[in-house]
Amino acid sequence: MFNKLIPFSLIVILSACGATQAPPYQKDRNPEDRDQYSGVEGLTQQQKDQAYLMNKELSDKCTKAKIDLAIAETDNNVGEIKNQKSIINSTCI
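Okay, so let's go over this structure. Because the structure is predicted, anything quoted here is derived from the model rather than measured.

**Some details on the overall build of the protein chain**
A tally of regular secondary structure across the protein chain gives 3 helices and 0 strands. Helices and strands in the protein chain line up, N terminus first, as α-α-α. The 93 residues of the protein chain split such that 15% are buried. Looking at the protein chain as shown, the accessible area adds up to about 7500 Å², and 58% of this sits on carbon and sulfur atoms.

This is the structure:
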């Protein structure tokens, strides 16, 4: 009788361990809002999210610099025009 309970107990314990494992990442959130990653799949997604966030930041800087350049050109501000063109050259791809 005792010999039959040991395999059954092991199966229950092992299945319970698998059930409590955290998901690899928070699939229901946007990349900006994710803060928990686990396992290989989570690490892969974290790298993808970081690449996305870096590209988004560069794109936002590029857009802002283009807007500021247009304002500087309207105001004929030569120093600011040079500054914004430098930012555009370094952030816009």
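**Section: the environment of Q46**
Note that Q46 resides in helix α2 (residues 39-75). C-alpha of Q46 to C-alpha of P24: the two residues are 22 residues apart in sequence and 9.7 Å apart in space.

**A closer look at the environment of A70**
Considering the arrangement of structural elements, one finds A70 in helix α2. The partly exposed category is assigned to A70, whose relative accessible area is 39%. As a C-alpha pair, A70 and Q84 span 14 residues in sequence and 9.2 Å in three-dimensional space.

**Comments concerning unusual backbone geometry**
Despite not being glycine, N76 has its phi angle at roughly 55 degrees, a positive value. Here N76 is to be found in the loop between α2 and α3 (78-91). For N76, a relative accessible area of 61% corresponds to the exposed category.

**Some thoughts on α3**
Here α3 contains 14 residues, and its C-alpha end-to-end distance of 20 Å stays within 8% of the 20 Å for a straight helix at 1.5 Å per residue. Restricting attention to buried positions, one finds in α3 the residues I81, Q84, I88 and T91. When α3 is viewed along its axis, its buried side chains cluster within an angular range of 110 degrees and face the same direction. Within α3, the exposed residues directed more than 90 degrees away from the buried face are V78, K82, N89 and S90. The secondary structure elements touched by the buried residues of α3 are α2.

**Observations regarding the nonpolar core**
One finds A65, L69, A72, I81 and I88 forming the largest nonpolar core, which totals 5 residues. The dominant element in this core, judged by the number of residues it contributes, is α2, at 3 residues. Residue contacts for L69: discarding those within four places in its chain leaves I81, Q84, K85 and I88.

Rules and cut-offs
- Residues numbered from 1 in each chain as written.
- Predicted model: local features only at pLDDT ≥ 70, side-chain atom pairs only at ≥ 80, totals over all residues.
- Heavy atoms only, no water.
- Helix = DSSP H or I, 4+ residues; strand = E, 2+ residues; numbered from the N terminus.
- Buried < 20%, exposed > 50% of the residue type's maximum accessible area, 1.4 Å probe, protein only.
- Areas by Shrake-Rupley, 256 points an atom, 1.4 Å probe, with all protein chains shown as cover.
- Expected span 1.5 Å × (residues − 1).
- Arc of directions from axis to C-beta.
- Contact = heavy atoms within 4.5 Å.
- Core = buried A, V, L, I, M, F, W, Y, C linked by side-chain atoms within 4.5 Å.

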